[in-house]
Structure formats: structure tokens, C-alpha cells
Amino acid sequence: MSLSWCLSAALALLCGSSWPQVHSSLAPENEVPLRPTTWLPEGKITSITLPKGRTRLYFTLRKKAPALSVTISPCDLPIEWSLAARTLKDKPLKSPQSTKKSMPEVWWRGPGTEEKIHSFTGNVVDTYRGPSHPHASIYILRLRSKQQNTRATVYLHEGLGPSGTFPLLPADPRVHTLGVGMTSVTLSWPPSASITSLPHAEKSYDYCVLVNSQKNYPSLCAARESMRKEKDQRQEKKERRRRVTVWPILKEWWWQQWDTYPEPQSPTSSITDEYADLQCVCQGTESVCTVSELLPDTQYYFDVFVMDRLNGTNMAYKGTFARTHEEARPAIITLREGELRWVTFHDRGSNSEQFFTFRPRGWQQSGLLTLQSCGGGEKVKVTVSSKGQVLTSQAVGGDLVHIWLQGSPSYLIHLEREGTTTSQIPAATDLALPGGLMASVKMQTSSAYHRRGVPSLPSTLQIKSFNRLRGCNSVTLAWMGTEERSLYCVYRRKLGNREPEAGGVSALTAPCLGPESRSDTERVLCKYFQELNPRRAVTTAVIGGLEPGMAYVFDVYLMRRWGIPIKYASKMVKTRKEC
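Presented here is a report on the structure given in the accompanying data block. (Residues numbered from 1 in each chain as written. Predicted model: local features only at pLDDT ≥ 70, side-chain atom pairs only at ≥ 80, totals over all residues. Heavy atoms only, no water.)

Let us now look at the nonpolar core. Within the largest apolar cluster, 22 residues are counted, with the highest numbers of intra-cluster contacts made by L477, W479, Y488, I543, F554, V556 and Y568. Of all the elements in the fold, those that place two or more residues in this core are β27 (475-480), β28 (486-494), β30 (538-543) and β31 (551-559). Among the elements that make up this core, the one with the highest residue count is β31 (4 residues). Discounting chain neighbours no more than four positions away, the residues touching F554 are I463, V475, L477, V490, Y491, R492, I543, L546, S570, K571 and V573. (Core = buried A, V, L, I, M, F, W, Y, C linked by side-chain atoms within 4.5 Å. Buried < 20%, exposed > 50% of the residue type's maximum accessible area, 1.4 Å probe, protein only. Helix = DSSP H or I, 4+ residues; strand = E, 2+ residues; numbered from the N terminus. Contact = heavy atoms within 4.5 Å.)

In C-alpha cells:
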């Protein structure tokens, strides 16, 4: 008896590991069936979780049911499903209480034949409609997910005609493109019979149009799952940035505004509580939609869903995609808060210009515009105006230019390249830009909260080294700071034996070379410093870990909450050979 009990327990565990653990509603109490059984109810939307493997659902029809329909709606992954009718040679007992085994186990072990009625593979909604099998004792619905765990909904309907639970799609459920512009796309689709057949007083159906730049979604569940994954990834990146120390994120620190506000979101009304987080660009019963506020020269994917608010169901049209037109001419570019922008003039043979607009945040309407020329021989002029009135106009050179913006809700920034005094830009400028672009101006705009003017600058940007404190493995540097608390970072670069000392220094003196262009391995330290007396605002740093008799180039960057980082003049120091 003990051996028999152990074998029965092992068989139950082996068979039950790959099957959904759902108790059979027909199994009597204190009985363990051979396989746990899930019965599919009629006229009810059943949501199931599909593990990697095969899942079975069972159902029977009423005696006088002339036809049946089974609708399977996958969520975000393709699945395989099939419907079969099993006919038993010997009918089972009517009451499951009169046998020691459950009724499904009697059917599994009993002799009979099985006929496959329908099969489908894919990630779209599929429905089987057909007459009931005349000799079927039980219907078996098999579902399988090949890739990983996913979800699906199953609906069983007995009788002829549509069930009315799902919205009706037209014969040609394709979404058409009526017009494509630079920032907008107009769509149309044939209306659903569920909407056209209802009187205007009843508004239980709606269209929901979604737009994204990745792909078309076969179902609303897949779109919602993709949005959830994107949201989780963004949240994970934010949490990762919070856990990491300040050093790895210094390259992004200066153009991120400390006092940030949440981005405004367009109000959306939810169809059902389950899909309340979906942001439909068009919603209602109109079968025409114009999607605006798109980016030029960008491909977008459009999906249309007809939704039944009473039953909580939806059906998907066949989506489409379109690419917006390119900009015909340089338009006015909107500058984002704290954005560090490289302004490039591609036409070097004649005069060129670019326009930007900036709208400060907050009721004070004050901001700070910082510019720096990247080409030593270029002449660039900046003109700031508001409401047609010129506020300031000045030249931009290698030194930082700070322009205080105050008193206007928006500003128009006009950059104009007047010409060059040299035939070529120094080769060092190429090192400052990704992809070898020849930029003209480095610019940043930010809303200046709780300020009344431009930030203070150091009295000199020279770095001093002390010969008496110069050793074989370390050097001592000093530089001037400001009365404001700011972050100073020191970078070093070792010059090779064959590398000329003068060339090594000049290669790092380009005005546009900032901390974002330097490797993390070159950074040796970062420190905060503040001195209320500008005459005594001197800070020092001891740089160790050097090699004897080697030449090093040191750079110091002053990074603040507003504006472009300030680069001190590069300093070349050679360690002693003998100590």
C-alpha cells in the first residue's frame, strides 16, 4: 500500500507540473484526478495565462445547440491553438459521484475517436464558426505559447450568428492615409457596423487611434503591454541613475535642469478601467482622424481599435504607417530647457543663419543664454529679440558669452555666420564634435530661477603649478574659483615620448572641448569649492599616481547649474626624474 501511494503521488506531480493548477468543478471531494481540468464557460470572456507549453480547456454544448463559435485573442506574443471534438464509444456515467475517478479521467482513459476541427497560429484575433459536431462527447481546446509566458482571452458562444460581445469589423478593415504633411497625418477607415447600426443616443462604442514610431500592434493588449514595458524601462533607468554616484553622470549634469517640472500631457478619457492609461490621439465615433504634432521626416505607425465599453472588448483594424515630409527650409527651432546644442553651419561658401526660440519657465520669465564659438577664425553674431524689438546683438568668440534674458515670455535667437578669417578651421575642432561635424557655436539656454543676473566668473582662467611641490609621482595645481558654490573637475592626459609637448598641449586647447568629449579614465578628481571673498577664492589639488620623468597635460572645468562648463587654460607639467 505504501509503495502504491508513492507511485500515485509521483505520477500526480509529474503530470500536474506542466498543467494549469485549476481544480475540476466536476471532481468529487477528496479525489485527485489524473490531470487538473479547466472547463470553459459559455457566454463569458475568460482570461487565461499561457505558460511555455500546452494548455487544455474543455467544454460541452447543449443538446439542441446548432452551432458554436470560439474566439481566441492573444495579447502580445503569437500562440498556437486548435479545436478538436472527442467522441466516446461508451458513454460515461451521468453522475461523477458514482465513480472513484473524475469524469474527465474516465474520458481520457476510455476508448474513443478525436477529430480536429480547426487550428491557427499567429498573434491576431481568430474566430472559428461552424456547426456543432453531431457525435461529440466533449470539445478540447488546446493552446500553446512557443516563446515565453503570455496571456490570451477565450470566448465560447453557442448558436448561430454573431454573439454581439465583440465589435464588428468591416469587410475591408484597412486603415487608409488621406494626407501626409510635415507634422501631421490624416487617416480614414471604413466604419464599423456596430457603430453605424446604433442610434446616436446610444454611445457604447468608440474608436481609439494610437500612434508610435516602432511598429503596428495586432491588439490593444499588445499596445498596452508595450507601453508598460517602456514605462518600466524608463523607471529602471531613473532608479539606476539614483543609485549611481555623481561621477559617471557628470557628462550629462550641466545641461540637466536641477529644478525640473513634469512634462505636460494631453488629457485623455479612458474607455474602460483596464485601458485607462492608453493615450488615444483620436477618440469617438468619427472614422476620420488627423494626428498632429509629429516630427518631420519620421516614420510613424497608426493603429485603429473599435471598442465596446459595455462588454470591455475591442477589435483591431489592420494598421498602416506613413513617413512625414521633410522641412522645406530651416524653421525656427524650439530650444528645450537646459539643452546643450551644437549649431552647425553646413554652407561654408556664403553667409548663413539659423533661428531659435526659447520660452523660460516660471512666472519670473527670466533665463540665461550661454554661447561659445567653436571655430577660431569664424565670425558669428548673435541677436536676441522679443516681440519684434532687438534686445541685444554681439559677437561670439572663444570666450563664453552670457546673455541675461528677463521680462519677456519668449525670445527669438538669431545666429548669423558672417564669414571666416582663415581658410580652415583648426583640426582640433574635429575632436570636439561627434561624427566630425564642423560646428560653429556651442549654445545652451536655461530658465534661471532665483537669480538676478549672470553668474560670476573666475578672475583668471590660468592654472598654476608649484615647482617646489613637484615630485616624481605627484604635482600640485591651483586655480581661481568664484564666490558661488560650484563643481570643479580635473582631467589629465599623459604625453608620449614621441609626441611633441607643444602639439600635445595645442590639441587640447580647442574652446569647444568640454568634459563630454573626455574619457572617464582621464578624470582624476572632482570637488566643490566656494569662497565669499573673490580675492581669496583659490583652491588647490594634489594630483598623485604619476610616473617619474613624464609630461602631463592638466585641464580644469568649472561646472554650474546654468550655462556651458568653463574650461581653464591647459597646463603642461613634467614630473621629476629623480627625487
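Structure shown, so let's carry the discussion forward.
What follows covers the pattern of salt bridges. Inspection of the entire model under this criterion finds 19 salt bridges. Here R142 makes a salt bridge to E114, at a shortest N to O gap of 2.9 Å. One end of the pair, R142, is in strand β7 (residues 138-145); the other, E114, is in strand β5 (residues 112-122), and 28 residues separate them in sequence. E114 sits in the partly exposed class, given a relative accessible area of 39%. Of the charged contacts in the structure, one is a salt bridge between K567 and D555, with a shortest N-O distance of 3.1 Å. A residue pair is termed long-range when its members are at least 10 positions apart, and K567 in strand β32 (residues 566-567) and D555 in strand β31 qualify at 12 residues. Each member of the pair, K567 as well as D555, carries the same accessibility label: buried. (Salt bridge = Lys/Arg side-chain N within 4 Å of Asp/Glu carboxyl O.)

Before going further, it helps to examine the packing of aromatic side chains. Per the counting criterion, the structure on display carries 10 aromatic pairs. A ring pair is formed by W189 and Y207, whose centres lie 5.4 Å apart and whose planes are at 75°; its orientation type is edge-to-face. Taken together, the positions of W189 in the loop between β10 (185-188) and α3 (193-196) and Y207 in strand β11 (residues 205-212) put the pair 18 residues apart, joining distant regions of the chain. Classification of W189 by relative accessible area gives buried; the value is 4%. Relative accessible area serves as the criterion here: at 1%, Y207 is assigned to the buried category. (Phe/Tyr/Trp six-rings, centres within 6.5 Å; stacked < 30°, edge-to-face > 60°.)

We now examine the state of the cysteines. Evaluation of the coordinates by the stated rule reveals 5 disulfides. The disulfide partner of C282 is C289, and the S-S distance across this bridge is 1.9 Å. Judged by the sign of its S-S torsion, about 70°, the cystine formed by C282 and C289 is right-handed. Exposure class is identical for C282 and C289. Each is buried. Paired through a disulfide, C489 and C526 show a sulfur-sulfur distance of 2.0 Å. Between C489 and C526 the disulfide shows an S-S torsion of about 115°. By sign, it is right-handed. Here C526 lies in strand β29 (residues 523-529) and C489 lies in strand β28, a separation of 37 residues in the sequence. C526 carries the same exposure label as C489, and that label is buried. (Disulfide = S-S within 2.5 Å.)

Strand order in this open sheet of 4 strands is β2-β7-β4-β5, and the pairing throughout is antiparallel. One side of each edge strand has no neighbouring strand; the edge strands of this open sheet are β2 (53-59) and β5. Ignoring which end each strand starts from, the neighbouring axes of this sheet average 20° apart. The pairing of β2 with β7 spans 7 bridges and is classified as antiparallel. Bridge pairing in β7 places L57 opposite L141. (Pairing = 2+ DSSP bridges. Axes fitted to C-alpha atoms, helices over the stretch in contact; angles between N-to-C directions.)

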